[in-house]
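# An overview of the molecular structure
What follows is the residue order along each chain.
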Amino acid sequence: MRRNSCVFLLTLIAGLVMTGCSKEEVPTDTVVESSTVAEETVTMESSTVAEEVPEVDHSAEVAVVEGLSEDFVFGCDMSMLIAQENSGVVYYNEAGEEQDPLLTLANNGVDSIRIRIWNDPYDENGNGYGGGNNDTATAIAIGQRATEHGMSTFIDYHYSDFWADPKKQMLPKAWVGMTTEELADAIYAFTKDSLGQILAAGVDVSMVQLGNEITNGMCDEVNWNNIGMMLRSGCKAVRELEEEYGKEIQIVMHFANPHTADYQKLAMRLQNNEVDYDIFATSYYPFWNGTLENLQTVLQGIIDNYGKKVMVAEISYPYTFEDGDNNQNSLYENCGQRFDYEISEQGQAEAVRDCVEVLATYGENAAGIFYWEPAWIPVPGDTGMTRSEIWEKYGSGWASSYAAAYDPNDAGKYYGGSAWDNQALFDHEGNPLSSIQMFDMMKGE
Ligand code: CA
């Protein structure tokens, strides 16, 4: 999910730095009880804490989560990676040495990397829309590196040329004007080709989601019989490739807003339309998406009534209210959202751990959890280019001005940088935060 929708326009000087704020209203009458750090706390090794990064407080600690199945996946969405690196962002390891952040994540217990794919996130002159300019080639580049570091990948098809979420599901440019049958065929062909390329490139794909946060529809379609036809078509492509490559790939359906959407009805529609999927996934942002008690209940219903595994495909939490790139963050002091945890590295780790603890109540029916964009930190501000110029050139902001023709009402007005830098697991200079160790700690490693 992209966090700039429903943005408000800030004043801009010389153009350019636009930003977003978050959108969803969270009920204020409910409080999540944050579980306390339990007795079985794993203490991190302090030997690698380097003196050259004194501003990082290496203190986050969380307890092991009991009851998870052996194949429970701890993942991160790293879709922005290539655009960030092209923009000159450098990441470090705990010893202060430059290091591939994918390796840093792998070394801290991350098992899988999620990567979004847009069909054609470029304008007619080849200028990227931003948000990582994530097309199939970008996914291959990230996926190959994840595979090298021993992690699986989770491919996220938006079936759009740019961000798809509950508020917008815009058709890819090439698909405009198609009938439902033609769209179903186009989804089959695109999925077969894109995923086929990724597998042929040697990327270890373990999960594929068809559509992104399709709570209110997909591909500019809201009729679930029609959506069902499209999804069956996407499933067919994945199943054929699964067989061709002799590889088990789990098909994921991904929704948003567990606190307001009717997940039982959505699962029923998938069942009625004979959509062949394995995992029912949701985004769960603690500050937007209601209580953990509610999350536990709605996902339990999916397991009990529909026999599917469940997963949290997106989660995050802020460690600071400081903005690193002058593109206002989705979350900031007094932004009106509900923060049940401290705004700190410890708070980040606890927010994620409490959600994992909920998932652990499902035992083998819980498939995993993915932290959203933990490395989307500020691009350098001292290279001779302004940050705005960098975002435009490399697609490292949430949207570039080039997205205007495709998405005039959102990206076209509010394009800019990262609204997420205060929710990363790396600080603004690229050093890993102590909260990055939460994955190993939850596993007891
Ligand atoms: Ca920012």
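Before reading further, recall that the structure is shown in the block above.
The following paragraphs examine the structure supplied in this document. (Residues numbered from 1 in each chain as written. Predicted model: local features only at pLDDT ≥ 70, side-chain atom pairs only at ≥ 80, totals over all residues. Heavy atoms only, no water.)

Ile113, Tyr157, Leu210, Leu231, Met253 and Ile369 are the most contacted members of the largest nonpolar core, which totals 119 residues. With sequence-adjacent residues up to four places away left out, Leu210 is seen in contact with Tyr157, Tyr159, Thr191, Met218, Leu231, Gly234, Cys235, Val238, Ile251, Val252 and Met253. In terms of nonpolar packing, the next biggest core, distinct from the first, is built from 10 residues, Val252, Ile279, Met311 and Phe370 among them. (Core = buried A, V, L, I, M, F, W, Y, C linked by side-chain atoms within 4.5 Å. Buried < 20%, exposed > 50% of the residue type's maximum accessible area, 1.4 Å probe, protein only. Contact = heavy atoms within 4.5 Å.)

Tallying each qualifying case throughout the model produces 20 salt bridges. For Glu314, the salt bridge identified is with Arg114, shortest N-O distance 3.2 Å. With a gap of 200 residues between them, Glu314 in strand β7 (residues 309-315) and Arg114 in strand β2 (residues 112-117) connect regions that are remote in the sequence. Overall, Glu314 belongs to the buried group, its relative accessible area being 0%. Put simply, Asp77, Arg114, Arg116, Asp156, Glu314 and Glu373 are held in one network by salt bridges that share partners. (Salt bridge = Lys/Arg side-chain N within 4 Å of Asp/Glu carboxyl O. Helix = DSSP H or I, 4+ residues; strand = E, 2+ residues; numbered from the N terminus.)

Donor atoms from the polypeptide that bind the calcium ion are Asp323 (OD), Asp325 (OD), Asn327 (O), Asn329 (OD1), Ser418 (O) and Asp421 (OD), placed at 2.3 to 2.4 Å. Geometry at the calcium ion is octahedral, judged from its 6 donor atoms and the angles of 82 to 176° they form at the metal. Mapping the donors of the calcium ion onto the primary sequence gives the spacing D-x1-D-x1-N-x1-N-x88-S-x2-D. For the pair shown, Asp325 and Asn327 are each scored as buried. (Donors = N, O, S within 2.8 Å, 3.2 Å for Na, K, Ca; no water. Tetrahedral: all angles 85-135°; square planar, octahedral: opposite > 155°, others 65-115°.)

As a further point, take the environment of Ser194. With respect to the helices, strands and loops of the structure, Ser194 is situated in helix α4 (residues 180-200). You can call Ser194 buried: its relative accessible area is 0%. For Ser194, the contacting residues outside a window of four places in its chain are Ile117, Thr136 and Tyr157.

Moving on, we come to the pairing of strand β4 (residues 205-210). Burial analysis of β4 places 6 of its 6 residues in the buried class, the great majority of the element. By the bridge criterion, 5 bridges tie strand β3 (residues 152-157) to β4 in an arrangement that is parallel. In the sheet register, Ile155 faces β4, and the bridge partner there is Val208. After leaving β3, the chain enters α4 and then returns to the sheet as β4, a path that is right-handed. The pairing of β4 with strand β5 (residues 250-255) spans 3 bridges and is classified as parallel. Across the sheet, residue Val208 finds its bridge partner in β5, namely Ile251. Once you follow β4 into helix α5 (residues 224-245) and on to β5, the crossover reads as right-handed. (Pairing = 2+ DSSP bridges. Right-handed = clockwise from strand over helix to strand, strands pointing away.)

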